[in-house]
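Here are the chains, one letter per residue:
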2 protein chains.
Amino acid sequence: MILTLDLNSEIPIYQQIRDRVVEAVAAGELAEGAALPSTRQLAADLGINFHTVNKAYDLLRREGLLLLNRKSGAVVRRDARSGPPEPGFTDDWGARLRTLLAEATVQGLDGAAVLAACGRTVGGFRVRPEGARVEGESV
Amino acid sequence: MILTLDLNSEIPIYQQIRDRVVEAVAAGELAEGAALPSTRQLAADLGINFHTVNKAYDLLRREGLLLLNRKSGAVVRRDARSGPPEPGFTDDWGARLRTLLAEATVQGLDGAAVLAACGRTVGGFRVRPEGARVEGESV
DNA sequence: CTGCCTGCTCTATTACTTATAGAACAGACC
DNA sequence: GGTCTGTTCTATAAGTAATAGAGCAGGCAG
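Residues numbered from 1 in each chain as written. Chains lettered and ligands numbered in written order. Predicted model: local features only at pLDDT ≥ 70, side-chain atom pairs only at ≥ 80, totals over all residues. Heavy atoms only, no water.

Trainee: Before we move on, could you go through the protein's contact with DNA strand C and cite the residues and values that matter?
Mentor: Among the 22 residues in the neighbourhood of DNA strand C, the closest are listed as I13, Y14, H51 and T52 of chain A together with R70 of chain B. Among atoms of DNA strand C positioned within 4 Å of the protein, sugar and phosphate together represent 53%. The side chain of T52 of chain A places a nitrogen or oxygen atom 2.6 Å from a phosphate oxygen of DNA strand C. Side-chain polar atom of T39 of chain B to a phosphate oxygen of DNA strand C: 3.2 Å apart, as the coordinates give it. Taken together, the elements giving at least two residues each to the surface near DNA strand C come down to helix 1 (13-26) and helix 3 (50-62) of chain A together with helix 2 (39-46), helix 3 (50-62), strand 2 (66-69) and strand 3 (73-76) of chain B. (Near = heavy atom within 4 Å. Polar contact = N/O pair within 3.5 Å; in protein donor to acceptor, adjacent residues only side chain to side chain. Helix = DSSP H or I, 4+ residues; strand = E, 2+ residues; numbered from the N terminus.)

In structure tokens:
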């Protein structure tokens, strides 16, 4: 798992970690059952505090994406093939989608360009249908 | 401009105001040149502090969407027909799009469903090509 | 001219968030 | 026993969010 962060970004570090993990799972780089680095390990690799990684992992756990325990460490709990969204997710997500697409529209991207960008992005996911690099990866 | 906020949301109020204005412009409810309520007026209508509205308007101004001055008050500076995006916008926006679409993918929405949602959302914009309710609106 | 409304700026306070840090505990594994 | 794991506690410094009040300069209607 190559994880690139921008420590100078206005986006909180723990949020960036969360986003990168979500994207990696969507892209098929991390499949269900894949092990993530331990909080202390990842923190050391990224040069940040392990509490920050802990916060990111805890957020991912609350979102249903990670399974955390002393036994197995941090493990991916679901991916794109694990089943339909949990109830309540789609409404919230739809609202955020509306805001984001409105932003592009307002800035002058026409509907076709917006949809093309969406298509390109979605097409970029699931590039590794069977897991490559799912276990014992380093940052 | 009907502006509905959730004061109990985890999303900051000033951010919600910004998002609603962006969506209204994308939907054609506010066209270039349309006047928005004054900061004090909107704050009173929403039952919040005028500094919070000020912060939202200032954010919209920095994004190039609003024009603020003592003469004309708050006026919409651009809409979907005002021209192409400013340089640098698309990269940042694309990254945020990637994160958001990854989130849906991971939660089990398949590519077709995601693109359908995008299509529906974009199709919902620009419903009023010529401005209705652009001037002197209340909240 | 007066009064009012406008954006705009300043200080200030309270509460929460972010990121840091250090310490400790229980369970698993070799 | 030693080392790794997640987990939990306290603590601190810096930043953000939202509140509040005061004031200024300019436009404009009366």
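Anyway, onward from the coordinates.
Trainee: Lay out the pairing of strand 3 (residues 73-76) of chain A with the relevant residues and their values.
Mentor: Residues and elements named next belong to chain A. Bridge analysis of strand 1 (residues 35-36) against strand 3 gives two bridges, and the strand direction is antiparallel. Note on strand 3: the bridge partner recorded for A35 is V75. In the sheet, strand 2 (residues 66-69) pairs with strand 3 via four bridges, with the strands oriented antiparallel. Paired with N69 across the bridge in strand 3 is G73. In this antiparallel pair of consecutive strands, strand 2 and strand 3, the connection spans three residues. (Pairing = 2+ DSSP bridges.)

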